[in-house]
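Now for the letters of each chain:
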Amino acid sequence: MPNIDEKLVPIFEEVLRRNAGESEFHQAVEEVFESLGRVIAKKPEYAESALIERLCEPERQIIFRVPWTDDAGQVHINRGFRVQFNSALGPYKGGLRFHPSVNLGIIKFLAFEQTFKNALTGMPIGGGKGGSDFNPRGRSNAEVMRFCQSFMTELYRHLGEYTDVPAGDIGVGGREIGYLFGQFKRLTNRYEAGVLTGKGLMHGGSRARTEATGYGATYFVDSMLATKGMSFEGKRCVVSGAGNVAIYTIEKIREFGGRVIACSDSNGYVVDESGIDLELVKEIKEVRRARISEYTRLKGGGTYYVAQGSIWAVPCDVAMPSATQNELNGKDAAILVKNGVLAVGEGANMPCTPDAVRVFQRAGVLFGPGKATNAGGVATSALEMQQNASRDSWSFDQTEQRLSSIMRNIHDTCAATAEEYGAPGDYVLGANIAGFERVAAAMTAFGVV
Ligand code: NDP
Ligand code: 2IT
């Protein structure tokens, strides 16, 4: 049995029974439950009125058929999902993921995490997540557009600026949000900009939203390093992935004086000891939509590419897993520790397995959990909603300043909460408890709903 308080064991068993086979969801719930024993010991009222049971059951789960036609005229069927997990703090908020691995359990784990993450931002947003098992790889613009239109043709009835506000995630960026918003507007006859975030600037998007998750994650790790009198200056860093989060993490680390020497995609990783050439990565991933292996072909000397293999074998001071869930396991963590890693910040959602987290924490490595570290993306989405509500548009600097103070705030809240609950430096515990307390207080005030 997992390491959770005995009062929570029957609730956890019920979660396992009711969500059979959804291993990522079980993993996310277990991690939060490991932190909650200390809260209910101190504040037993949070264990009343089945509050924790309600917190583990999504308010609504939508699963739908998405038919679309490819360029050759062949019809395909995908499955669409939206899990509206918790609206105690505001409208459901969270991204859409298009990836062939998507299933209900993955969307549920992401929506569950999102609920606590969004609470940590201190902004008025509930938790949700959605997506599809559609694989955008190799699809033309026209195919992606038709898929997005079909997806929205079902989803639109469940959305609204006061109801549910999606954004991007893996496989969903500015292009897809544009197609989704265009279809929403057409179906509803409303220019309701606040219904989606991550929009283009011409549709009411926010400056700095594209950069926000990566920048925010870097701010968070910078704050952790500062508690030990350290900074990014001169540090060797490894950032996995080469998508939205990874690219803007690399950009901010470079600005902070660090050197990112490796990044990856699902086929392999690339090492460039002189520092990853970010403009080249942007060209490969954002413009050509090609593979990261292109990097060595285009850059040549002094760089190398490793197909498959683990990027975590590359020695570094700071590691920022920014690709996907469970991409860094206990063995990888042991190698990173052996190589002297000082800090690990989760840019992705749940990229480190529970074993890996234990290895880092036992070794005294600064460890920033995803629900705190990567909260800058959704926080800036909430800033986009504010701008849409006031029909305003802020400058890049103003928006980035808000982002940086939100991230410092999240860091300090997690650190203070960990300390208050007798586990100084444990950001996992701090994030789980601080997020939980905000959601629990709002749910309690609503009564049993
Ligand atoms: P992108 O689609 O822009 O990039 C994803 C990157 O991760 C790609 O390099 C991709 O490689 C790699 N990747 C995806 N799935 C896998 C897999 N199953 N195995 C190995 N590599 C994989 O997504 P984002 O950068 O937006 O998202 C990355 C992570 O950050 C996700 O966990 C997401 O939930 C999280 N996140 C995103 C936020 C955002 O605002 N976008 C906010 C907070 C968290 P390939 O191209 O080969 O598939
Ligand atoms: O995981 C996440 O926080 C996101 N994909 C961003 C969600 C959002 O609504 O901006």
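Before reading further, recall that the structure is shown in the block above.
Please read these numbers as outputs of a predicted model, since none were measured by experiment.

## Overview of the packing of helix 2 (residues 23-42) against helix 16 (residues 427-446)
Next, step 1: Contact geometry for helix 2 and helix 16: axes closest at 9 Å, N-to-C directions at 75 degrees. The pairing of helix 2 with helix 16 is recorded here as roughly perpendicular in orientation. Taking contact as the criterion, the partners of Glu31, Val32, Ser35, Leu36, Arg38 and Val39 in helix 2 are, on helix 16, Val428, Leu429, Asn432, Ile433, Phe436 and Glu437.
Next, step 2: Broken down by class, the residue content of the contact of helix 2 with helix 16 amounts to seven nonpolar, two polar and three charged.

## Focus: unusual backbone geometry
Most peptide bonds adopt trans geometry, and most residues besides glycine take a negative phi value.
Next, step 1: Located in the positive-phi region is Asn189, a residue other than glycine, with phi close to 60 degrees.
Next, step 2: Positionally, Asn189 belongs in the loop between helix 6 (174-188) and helix 7 (209-226).

## Description of the site of ligand 2
Next, step 1: Looking at ligand 2, there are 14 residues lining it, with Lys93, Lys117, Lys129, Asp169 and Ser381 nearest.
Next, step 2: In this structure, an oxygen atom belonging to ligand 2 sits 2.6 Å away from a side-chain N or O atom of Ser381.
Next, step 3: Protein contact buries 94% of the 300 Å² of open area that ligand 2 shows by itself.
Next, step 4: When residues of the shell around ligand 2 are traced back to their parent elements, those giving at least two are strand 3 (92-98), helix 4 (104-120), strand 5 (164-168) and helix 14 (376-389).
Next, step 5: Its residues placed into classes, the shell around ligand 2 shows two nonpolar, seven polar and five charged.

## Topic: the site of ligand 1
Next, step 1: Lining the immediate surroundings of ligand 1 are 26 residues, of which Asp169, Thr213, Ser266, Arg291 and Asn349 lie closest.
Next, step 2: In this structure, Gly171 approaches ligand 1 through a main-chain N or O atom, which is 2.9 Å from an oxygen atom.
Next, step 3: Interatomic distance of 2.8 Å between a side-chain N/O atom of Thr213 and an oxygen atom of ligand 1.
Next, step 4: Isolated, ligand 1 exposes 880 Å² of accessible area, and the fraction of that covered by the protein chains is 83%.
Next, step 5: When residues of the shell around ligand 1 are traced back to their parent elements, those giving at least two are helix 7, helix 8 (244-255) and strand 7 (259-265).
Next, step 6: Taken together, the residues of the shell around ligand 1 break down into five nonpolar, 13 polar and eight charged.

## Considering the nonpolar core
A general feature of soluble globular proteins is that nonpolar side chains tend to end up buried together.
Next, step 1: Counting residues in each nonpolar core, the largest one holds 52 residues, and the members touching the most others are Val221, Phe232, Ile276, Val281, Val318, Met320 and Ile410.
Next, step 2: The residues touching Ile410, leaving out its near neighbours within four places in the chain, are Leu120, Thr121, Phe220, Ala372 and Ala375.
Next, step 3: Of all hydrophobic cores here, the second largest spans 43 residues; its members include Val32, Val39, Ala423 and Ala440.

## Section: the state of the cysteines
Next, step 1: Counted according to the given criterion, the structure contains zero disulfides.
Next, step 2: Left unpaired, Cys414 is separated from the closest cysteine sulfur, that of Cys352, by 16 Å.
Next, step 3: Classification of Cys414 by relative accessible area gives buried; the value is 0%.

## Description of helix 6
Next, step 1: Taking 1.5 Å per residue as the helical rise, helix 6 with its 15 residues ought to reach 21 Å, and the 21 Å between its terminal C-alpha atoms agrees with that figure.
Next, step 2: For helix 6, the secondary structure elements touched by its buried residues are strand 3, helix 5 (141-155) and strand 5.
Next, step 3: Within two residues after helix 6, Asn189 carries a phi angle of roughly 60 degrees, on the positive side.

## Brief notes about helix 14
Next, step 1: In this model helix 14 runs 20 Å from its N-terminal to its C-terminal C-alpha over 14 residues, within 8% of the 20 Å that 1.5 Å per residue would give.
Next, step 2: Burial runs high along helix 14: 12 of the 14 residues are buried.
Next, step 3: On its buried face, helix 14 sits against strand 3, helix 4, strand 5, helix 7 and helix 15 (396-420).
Next, step 4: One or two positions beyond helix 14, positive phi appears at Arg391, with a value near 50 degrees.

## Quick word on the sheet that holds strand 7
Next, step 1: Pairing is mixed across the open sheet formed by seven strands, whose spatial order is 9-8-7-6-10-11-12. The sheet is open, and its two borders are formed by strand 9 (303-307) and strand 12 (366-368), each paired with just one other strand. On average, adjacent strands in this sheet sit at an angle of 15 degrees to one another, irrespective of strand direction.
Next, step 2: Both strand 7 and strand 8 (residues 268-272) contribute to a ladder of four bridges, which runs antiparallel. Looking across to strand 8, one finds that Cys263 is bridged to Val270.
Next, step 3: Helix-sheet contacts for helix 8 involve strand 6 (236-239), strand 7 and strand 10 (318-320), and the interaxial angle to strand 6 is about 170 degrees.

Rules of the game
Residues numbered from 1 in each chain as written. Chains lettered and ligands numbered in written order. Predicted model: local features only at pLDDT ≥ 70, side-chain atom pairs only at ≥ 80, totals over all residues. Heavy atoms only, no water. Axes fitted to C-alpha atoms, helices over the stretch in contact; angles between N-to-C directions. Helix = DSSP H or I, 4+ residues; strand = E, 2+ residues; numbered from the N terminus. Parallel < 35°, antiparallel > 145°, perpendicular 65-115°, else oblique. Contact = heavy atoms within 4.5 Å. Nonpolar A, V, L, I, M, F, W, Y, C, P; charged D, E, K, R; others polar. Near = heavy atom within 4 Å. Polar contact = N/O pair within 3.5 Å; in protein donor to acceptor, adjacent residues only side chain to side chain. Areas by Shrake-Rupley, 256 points an atom, 1.4 Å probe, with all protein chains shown as cover. Core = buried A, V, L, I, M, F, W, Y, C linked by side-chain atoms within 4.5 Å. Buried < 20%, exposed > 50% of the residue type's maximum accessible area, 1.4 Å probe, protein only. Disulfide = S-S within 2.5 Å. Expected span 1.5 Å × (residues − 1). Pairing = 2+ DSSP bridges.

By themselves, these are just geometric observations and shouldn't be taken as functional.
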